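# Inside the fold
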Amino acid sequence: MIRIGAFLVGLFFSGWLLISAAMGAYTFVTVPAAPTAEHEFHKPPKAVNYSFDGPAGKFDRAQLQRGLQIFKEVCSACHSLKYVSFRDFKDLGYSEGQVKTIAQTWPTETPSINPDTGEAATRKPNAADKIPSPYPNEVAARAANNNALPPDLSLMTKARHGGPAYVYSLLTGYQAPPAKLKEKFPASMPGKTTHYNPYFANLNLAMPSPLNTEGQVTYGEGAPKPTVDQMAKDVSAFLTWTAEPKLENRKRAGTAAVVFLLIFLGLCVGAYKNVWADKKAHA
Amino acid sequence: MSFPWANEYKPSNPFMRYMDEKLPLPRFVYNAVGAGYPVPRNLNYFWNFGVLAGVALMVQIVTGIVLAMHFAAESTVAFSSVEHVMRDVNAGWFLRYAHMNGASMFFIVVYTHIFRGLFYGSYKPPREMVWHLGLVIFLLMMATAFMGYVLPWGQMSFWGAKVITGLFGAIPLVGEPIQTWLLGGFAPDNAALNRFFSLHFLLPFVILGVIILHVWALHIPGSSNPTGVEVKTEQDTVPFHPYYTAKDGVGLAVFFLLFATLVFFAPNLLGEPDNYIPANPLATPANIVPEWYFWPFYAILRAFTVDFLFIPAKLLGVLAMFASILLLFFLPWLDTSAVRSGHYRPLFRKFFWFGLIPTIAILGYCGGSHATDSIVLVSQIAAAYYFAHFLIILPIISRVETTKPLPTSITEAVLGHAPLNATLQPAE
Amino acid sequence: MESMASLMEDSATAGEEQGGVRRRDFINVAAASFAGVGAVAVVLPLINQMNPSADVLAEASTEVDLKAILPGQAIKTIFRKQPLFVRHLTPVEVAEAEKAPLAGMRDPQTLEERTKAGKTQWLVTMGVCTHLGCVPLGAAEGEVKGEFGGYFCPCHGSSYDTAARIRKGPAPRNLQVPPYEFTSDTAILVG
């Protein structure tokens, strides 16, 4: 009884699937899918190395500090970093006093309430505050950016395939659209308010190239030259830290855990063999 | 299970004697997983996965309860509360990554456990109830995992919830009211998030209860074994403790090694970057996919593209997706071979390794990919095989195949000769 | 002979068992102990996660500006999510506090002990009654200050004096003075 029912159900599902497949194959062959510009022109992230790569990777604090400087001087005009608090910058090697100064000289102030009138006001951020956003809300952000919303960057390197390599590639990937694009996909050419960048999923993004001049940001003594490439590396490393401030703790704990577990595995195998020693031909 | 030669619980410690007298829990544990439970001596490492599944559940419950101390189930703050856990809570990053990857480990272990059952015929009489309870656990796990993924309220959380609850809308007549009832609204929002949190907290304890029934049902006939031949004499078995506690130790060490590698060195390997973007009802992600352990079922869902008479393709997909799991309930009656283990069923084995396994792997790959024409085509063929395998091929094979001769006993299979000085006593 | 050998392959001989088991058990004990150590290593973060998180610890210090508080005035503010009273005592109130006899006080303390050197007119205390935790009255303008001119708790009638010491009522201790420092003449950092 069950077998007959099963047979019929199986026949129905499998049969209908094979028929649908045949129909799909027919259309696939006779009406091939239109190629897309993204498919042909989108590029995967470039290969780039960071000090924090690999199981023993560590942040380069000097690099992170340079990245913070770039974020503060270039990116923070439009992008928020709302999951990071100023006190977190102690991780970058700053003292409490330096952190307080960074907070109090941040380009944007923290929203607050006027204690006398109750009206909306702003105050200087203190170390415990989260980094204030450049715009009070999404509407203001879009109004200032041709209806495009500059995303928050705290988690950007975890929110994109390729992570920091994606951010680096995007920042260094601005270029003139190839002639072939105009030929085959004229609709995918950048418009008046968009810019071509093959590392961006949709090929054209609203953000103009933010790092375009060498020396745009002045690095301190002993730092590498602030080329566009170097700045992109530094800020993408910084954004990896904002996304994963505990990266070093994680890898350190991981090394300890794996070593411990390997020893534990050895002991368990020993105990297992010991227990089963008297049972011949055990499993 | 009453194997007559099972060790009897005889506490030497007076405190244990006292405890056992008042509440026979020590005796119960001794007879369930201690030296009082005889187990076939020839179990291979595929038999470790039941215990590992139990351990994985414990990991999820412990990390989950602790995370619940910091998580805020309110749509405007849920995402930030998870970031609070990752950044500010002491060892919060470890707890979150452990819980996230623990779910993947749980499914890796349970899938291996299920495939052991499929290959060795563990679902056959007298263990049909064990199999059915196991499937109930699997369904509860899927519901729990689905709701858990919604909680961080990322893009994938929201859109995954939207797609899956949208499936209920495909049910004719009552579909839309059921969907609205489930969500508490017209789209996933605060109401859905809160109820999912409540149910996500509850279901693991329901799973725990069903696991108790599952193991109880197993201990009636006792464990099966790789030969599929039932236990006959004392020489066929060893006491669970210390033999299988030792073996489970090895299994646990490997499990935690894999788990640690994931958590500490590749915590986001099995995840979707889109879920690090806060949920936005106005922006659909480029590729909405559930977590990897749902991919084969997602592929089956998306494989139905053509309406059948009055049944829309969307509904067909939903029915097929549920059918793909529910058909497993009927396995004991679809596969009627008297031989349990795939070791002695050459034709069955071929279809298992060259048919079922590759098909499920292919379905998994398709489920995680963009639904392009070619991917859909491949999933249609793979899904067609999946249904044919269980509903048409297996029943036929189990009737017509020539099986290899079985060993007369486990002892014979292990030691190469019949048990000595033992009369063949059938186990009770 | 054959059968004997086969029987023996299945179990350790009696003679070997005693010493053999003890010798061989070491690895079992080692494996189990390692597991125990691992279990403890995992339990520690599980317990530590309940300790205050970094953001809570960051708000463990509060700055209070004293410029606006005139003699005779007090403000109510928040310190570690609890009420904090900062009171600018008038010279009369300071004298009262110094004159009060310590004998007979439930929790004897001088005003000097409860304030900073040279700044006895600044009384910084928690605004939490030491009886059962209500917020005493007396800090805000117009609130009842109680019999001793300091603070009065409406819940069960505890009365505190101008040094916030308990003088009457069920409270066992004086209002708690939190750790604080003067960062300048017109500002303090509490905590």
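Residues numbered from 1 in each chain as written. Chains lettered and ligands numbered in written order. Predicted model: local features only at pLDDT ≥ 70, side-chain atom pairs only at ≥ 80, totals over all residues.

### As for the overall build of chain C
If you tally the helices and strands in chain C, you get 5 helices and 9 strands. Here chain C holds 191 residues, and 25% of them are scored as buried. Taking as baseline every contact in chain C between residues at least 6 positions apart, the subset at least 24 positions apart corresponds to 48%. (Helix = DSSP H or I, 4+ residues; strand = E, 2+ residues; numbered from the N terminus. Buried ≥ 20, exposed ≤ 12 C-beta atoms within 10 Å, placed from the backbone. Contact = placed C-beta atoms within 7 Å.)

### Thoughts on the interface of chain B and chain C
Note on interface size: it is often stated as the accessible area lost on association of the parts. Counting residues at the interface gives 13 residues for chain B, matched by 13 residues for chain C. Among the secondary structure elements, those contributing two or more residues to the side of chain B that touches chain C are helix 3 (49-68) and helix 5 (92-120) of chain B. A total of 3 residues in the side of chain B that touches chain C trace back to one element, the largest contributor, which is helix 5 of chain B.

### What to know about the nonpolar core
Note that soluble globular proteins tend to have their nonpolar side chains buried in a common cluster. Counting residues in each nonpolar core, the largest one holds 120 residues, and the members touching the most others are Ala56, Phe106, Val109, Ile300 and Ala383 of chain B. Counting residues per element, this core draws most heavily on helix 10 (residues 240-265) of chain B, which supplies 14 residues. In this structure Val109 of chain B touches Phe49, Leu52, Ala53 and Ala56 of chain B, once residues within four positions along its chain are discounted. Counting residues in each nonpolar core, the second largest holds 41 residues, with Leu92, Val99, Leu203 and Ala237 of chain A among its members. (Core = buried A, V, L, I, M, F, W, Y, C linked by C-beta atoms within 7 Å.)

### Observations regarding the interface of chain A and chain B
Contacts between the two partners involve 49 residues from chain A and, on the opposite side, 53 residues from chain B. Every element with two or more residues in the side of chain A that touches chain B is listed here: helix 1 (2-30) and helix 9 (247-276) of chain A. Residue contributions to the side of chain A that touches chain B peak at 18 residues, all from helix 1 of chain A.

### Looking at the domain arrangement of chain A
Domains assigned within chain A are domain 1 (43-82 + 133-245) and domain 2 (250-278). Taking only C-alpha atoms into account, the centre of domain 1 of chain A sits 43 Å from that of domain 2 of chain A. (Domains from an automatic or database assignment.)

### Observations regarding helix 6 (residues 164-172) of chain A
Extensive coverage of helix 6 of chain A is indicated by the burial of 9 of its 9 residues. Among the residues of helix 6 of chain A, Pro164, Ala165, Tyr166, Val167, Tyr168, Ser169, Leu170, Leu171 and Thr172 of chain A are the ones counted as buried.

### Quick word on helix 3 (residues 61-73) of chain A
Residue and element names in this part refer to chain A. With 13 residues, helix 3 should cover 18 Å at 1.5 Å per step; its first-to-last C-alpha distance of 18 Å lies within 8% of that length. Residues Gln63, Leu64, Arg66, Gly67, Leu68, Gln69, Ile70 and Phe71 constitute the buried set of helix 3. Against the buried residues of helix 3 lie helix 8 (228-243). (Expected span 1.5 Å × (residues − 1).)

### Brief notes about the environment of Phe352 of chain B
Residue and element names in this part refer to chain B. In this fold, Phe352 is placed in helix 14 (residues 346-367). In the structure, Phe352 is positioned 10 residues away from Gly342 in sequence and 8.6 Å away in space, judged by C-alpha atoms. Leaving out residues up to four positions away in the same chain, Phe352 has contacts with Phe119, Gly342 and Ile357.

### Focus: the pairing of strand 1 (residues 110-113) of chain A
Residues and elements named next belong to chain A. Direction of pairing for strand 1 relative to strand 2 (residues 120-123): antiparallel, over a ladder of 4 bridges. Within the sheet, the bridge partner assigned to Thr110 lies in strand 2 and is Arg123. Between the end of strand 1 and the start of strand 2, which pair antiparallel, lie 6 residues, with Gly118 showing a positive phi angle near 80 degrees. (Pairing = 2+ DSSP bridges.)

### Overview of the sheet that holds strand 1 (residues 62-65) of chain C
Residue and element names in this part refer to chain C. Across the sheet, which stays open at both edges, the 3 strands sit in the order 1-9-8 with antiparallel pairing between neighbours. This sheet does not close on itself; its edge strands, each paired only once, are strand 1 and strand 8 (180-184). The sheet shows a mean angle of 30 degrees between the axes of neighbouring strands, taken without regard to direction. When strand 8 meets strand 9 (residues 187-190), the two strands line up antiparallel, connected through 4 bridges. If you follow Glu181 over to strand 9, its bridge partner there is Leu189. (Axes fitted to C-alpha atoms, helices over the stretch in contact; angles between N-to-C directions.)

### What to know about the sheet that holds strand 2 (residues 74-79) of chain C
Residue and element names in this part refer to chain C. Strand order in the open sheet made by the 3 strands is 2-3-4, with antiparallel pairing throughout. Both outer strands of the open sheet, strand 2 and strand 4 (122-126), are each paired with one neighbouring strand and no more. Across this sheet, the average inter-strand angle for adjacent strands is 20 degrees, counted without regard to direction. When strand 2 meets strand 3 (residues 82-88), the two strands line up antiparallel, connected through 6 bridges. From the neighbouring strand, Lys76 faces strand 3, where its bridge partner is Phe85.

### Points about unusual backbone geometry
For the peptide bond that leads from Pro125 of chain B to Pro126 of chain B, omega is 5 degrees, which places it in the cis range. Within the secondary structure, Pro126 of chain B sits in the loop between helix 5 and helix 6 (128-150). Residue Pro242 of chain B follows His241 of chain B across a cis peptide bond; omega there is 5 degrees. Tracing the sequence through the fold places Pro242 of chain B in helix 10. Here the phi dihedral of Leu203 of chain A falls at roughly 70 degrees; this positive angle occurs in a residue that is not glycine. Mapped onto the secondary structure, Leu203 of chain A falls in the loop between strand 3 (195-196) and strand 4 (204-205).

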